[in-house]
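Chain by chain, the residues:
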Amino acid sequence: MIELSQIKKAFNQGQSNEYWALNGIDLTLEAGKVTAFRGPSGSGKTTLLTLVGCLSRPTSGRVRFKGEDISGLPERFLTEIRRQSFGFIFQQFNLIKGLTAIENVILPGFPTGRPRAELIAAAEQIFEQLKLSHRRTAKVEWLSGGEQQRVAIARALINNPEVIIADEPTANLDTALSREFMAILEGFTAAGKTVLLTSHDPLVVESDAVHRVIGMRDGCLVDA
Amino acid sequence: MRRPSTLAFILLMVMSLGVIAIFAHSWQLTVTDQSRLQANRTLVTQLGLTDLALFSESRYTRHPSQADLHSALQDHPGAFDHFPTGSLISPPAHLTKTHERLAGKTTSPD
Amino acid sequence: MNVWLEKQRHLIDFTLASLARRKTKNLGLLLAYAVLVFVLASLMLFTQALRSEATFVLAGSPEVILQRMVAGRHDLIPPGYIEKIGRIRGVQKQEGRLWGYYYDPVVNANYTFMARPANEVASGSIMVGATLARARGLAAGNVISFRSYSGKLFAFKVSAVLSPDSELLSADLVLLSEADFRAFFEYPAGYFTDIALSVANPQEVRKVAEKLSASLPDSRPILREEVLRTYQSVFDWREGIMLTVLAGAILAFAILSWEKASGLSAEEKREIGILKAIGWETSDVIRMKMWEGMLISLTAFLLGFIAAYVHVFYFGAAVFEPVLKGWAVLYPRFALVPTVDGLQVATLFFFTVFPYTAAVLVPIWRAAITDPDSVMRA
Ligand SMILES: Nc1ncnc2c1ncn2[C@@H]1O[C@H](COP(=O)(O)OP(=O)(O)OP(=O)(O)O)[C@@H](O)[C@H]1O
Ligand SMILES: [Mg+2]
């Protein structure tokens, strides 16, 4: 479903602090599976996820999504693909403070022009699944870490994306909450979604919910 | 859950209607306003008034249109003064134009 | 179209929800903004209404007033002067006028004394303006005495108080008979203050004025059109303390709103990154901010304008009274006839709504085009 060929990514290219975060990645990712990236800090995992998730463009190489080359598309189209096909769960959750849980969740639906009632209904349904309905009108800064993460997950799901991208999803969670997250992951697989995640956490990468583990080091793939 | 944009629309709508009402209201002179204006014009004609009685603290603000170009010092309409209203109204335009209008037409120096 | 509309409503929802997070701060800003519009709009409505009212009523004033100058000062019209004018063609009627100022030490106010023919005001009685009557506590039938400039005391019976509707014109008027006027001011017989001329044909007024200054070189004709022009330009935009004071307020507000609008906090920048990462386009972010600017400035404009209208036409422009009043003791109470100039309102609208919206948009532009991948590393 996602094919990467000869992906290289440089930061500050042409300047004295030029840094190559990715050095030629070839990778094919299957639909409907959970893939985890593991590697030391600075190995380029996050950078790879931003390329796949249309948050940035590779310096060279191609990214194909469902057969279509998306590495050369203008920003407008990238944004549209990102909105329709990818849901993001960030390490810091990145919720908008001051808004309620449900207001945060429906945000990705705004540019689609879906009626508000429909968005709210969809959000309520996701909250139901994540057992968060009782907190839906609470301001996000009052929520616990686990609740915040579930709000972030709900937000990633609101546009019903095919791919979920999670960067260090359990870094801010304790063991019990991490287990809960893995259970939610299994639910994604059951729903036929593709999941890409990065993690240092053995609990995650050694879990049964993860189908494939890919190792990284210094911007290259290594055997896990 | 009440939608914030709906509230904003209602608020803006009400205020816009207010402004439209203001326009409508000001275009339509009431009978009392009209008769008052007419009565005042009649008074002006009858008494030969030339000015509004808005500022009565000095001669050139009580009767700015009759103010006297030639008087020096404090009577000059452009004079710097200590009356607040003196800085609210400037010398009437015709005072500074008189020279131009009558230039060469009078036998005496203007 | 429907989708577009729904999308805009979403953006408005979001911007309102964001504004609601700092309720006091944003309401304070809105209020300051509305007050600024209020003062500007009040000034505009007040001067406009005053101007149009003056133009209407003063259209009834004499076509030409003739003053006489002696040694660079306004002087009395000597006997025989009026007869000279009679020979000028186009002059229908000429009339010597008698008026002057009187300082009343009782209330420290200046009055305008004006002589009227005996059939209007009987000898020994006066008619007074409503403002004056209020200041001195006079009513029809009362007796009041003034000490003349020569030191003699004159008692007058108030035969009538002029209509309060005419206060804007007659606030400080004292109408008395010609004989009383001359006696009170010891005005030499045969002399007048100035001369009012009526000219039947408006086209001839300028010709008449030219002939007057040619045949009476020591005279100064004042035309009605000049009187009207005086009031057309009174309280022009450029004029007055009000605007000087306002300029400070405008500047302060400009700084405030620029600070608020352009100083994007790190928090706001982070939020924009999040919005972009979760699928908002750059244009969505910008449009969202544009709605914010427009909603705030539009609300402030409408609020301020409506309040100004009520203030000027229903509360007699009470805010300006202390300034307009100046040092004068007599200040007329008047209700202006509501007039609104569409062009002026449009100008005010443009100068209040547009700059704020622009101030909001400029900084957001830079923030909105930053790369969305920055949110992955916080
Ligand atoms: N915007 C940037 N400018 C310069 N260098 C960058 C930038 N973003 C990332 N890098 C560098 O690229 C390298 C890869 O970063 P990346 O965030 O992908 O690592 P990571 O594998 O996710 O590490 P971690 O496990 O600590 O999250 C790092 O050395 C980082 O310093
Ligand atoms: Mg990382």
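See the structure above.
Residues numbered from 1 in each chain as written. Chains lettered and ligands numbered in written order. Predicted model: local features only at pLDDT ≥ 70, side-chain atom pairs only at ≥ 80, totals over all residues. Heavy atoms only, no water.

With 86 residues of chain C in contact, the opposing surface of chain B contributes 68 residues. Taken together, both faces of the contact between chain C and chain B bury some 7000 Å²; the carbon and sulfur share is 62%. At the boundary of chain C and chain B, one finds four salt bridges. Ionic pairing is found between B:Arg36 and C:Glu53, a salt bridge with its closest N-O pair at 3.4 Å. Element by element, the count of residues in the side of chain C that touches chain B is highest for helix α11 (residues 282–314) of chain C, at nine residues. Of the residues in the side of chain C that touches chain B, the class split is 50 nonpolar, 17 polar and 19 charged. (Contact = heavy atoms within 4.5 Å. Buried area = accessible area lost by both parts, 1.4 Å probe. Salt bridge = Lys/Arg side-chain N within 4 Å of Asp/Glu carboxyl O. Helix = DSSP H or I, 4+ residues; strand = E, 2+ residues; numbered from the N terminus. Nonpolar A, V, L, I, M, F, W, Y, C, P; charged D, E, K, R; others polar.)

Another point: unusual backbone geometry. Residues and elements named next belong to chain A. A positive phi angle, close to 50°, is found at Asn 94, a residue other than glycine. Among the secondary structure elements, Asn 94 is positioned in the loop between β6 (86–89) and α3 (101–106). Taking the relative accessible area as the measure of exposure, Asn 94 reaches 2% and is therefore buried. Phi is positive for Glu 168, close to 50°, though the residue is something other than glycine. As for its placement among the helices and strands, Glu 168 is situated in the loop between β7 (163–167) and α6 (175–190). For Glu 168, a relative accessible area of 11% translates into the label buried. (Buried < 20%, exposed > 50% of the residue type's maximum accessible area, 1.4 Å probe, protein only.)

The next subject is the sheet that holds strand β5 (residues 68–69) of chain A. All names here are of chain A. As summarised here, the arrangement of the four strands in space is β2-β1-β4-β5, forming an open sheet in which the pairing is antiparallel. With one partner strand each, in any of the chains shown, β2 (19–29) and β5 form the two edges of the open sheet. Across the sheet, helix α1 (residues 45–52) touches β1 (2–11), β2 and β4 (60–65), and the angle it forms with β1 is around 120°. (Pairing = 2+ DSSP bridges. Axes fitted to C-alpha atoms, helices over the stretch in contact; angles between N-to-C directions.)

Let us look at the site of ligand 1. Residues in close proximity to ligand 1 total 14 residues, the closest being A:Ser41, A:Lys45, A:Thr46, A:Thr47 and C:Arg377. Near ligand 1, residues from chains A and C are present, making the site a shared one. Here an oxygen atom of ligand 1 sits 2.5 Å away from a polar atom, N or O, in the side chain of A:Thr47. Of all the elements in the fold, those that place two or more residues in the shell around ligand 1 are β2 and α1 of chain A. Sort the elements by how many residues they give to the shell around ligand 1 and α1(A) lands first, with three residues. Broken down by class, the residue content of the shell around ligand 1 amounts to three nonpolar, eight polar and three charged. (Near = heavy atom within 4 Å. Polar contact = N/O pair within 3.5 Å; in protein donor to acceptor, adjacent residues only side chain to side chain.)

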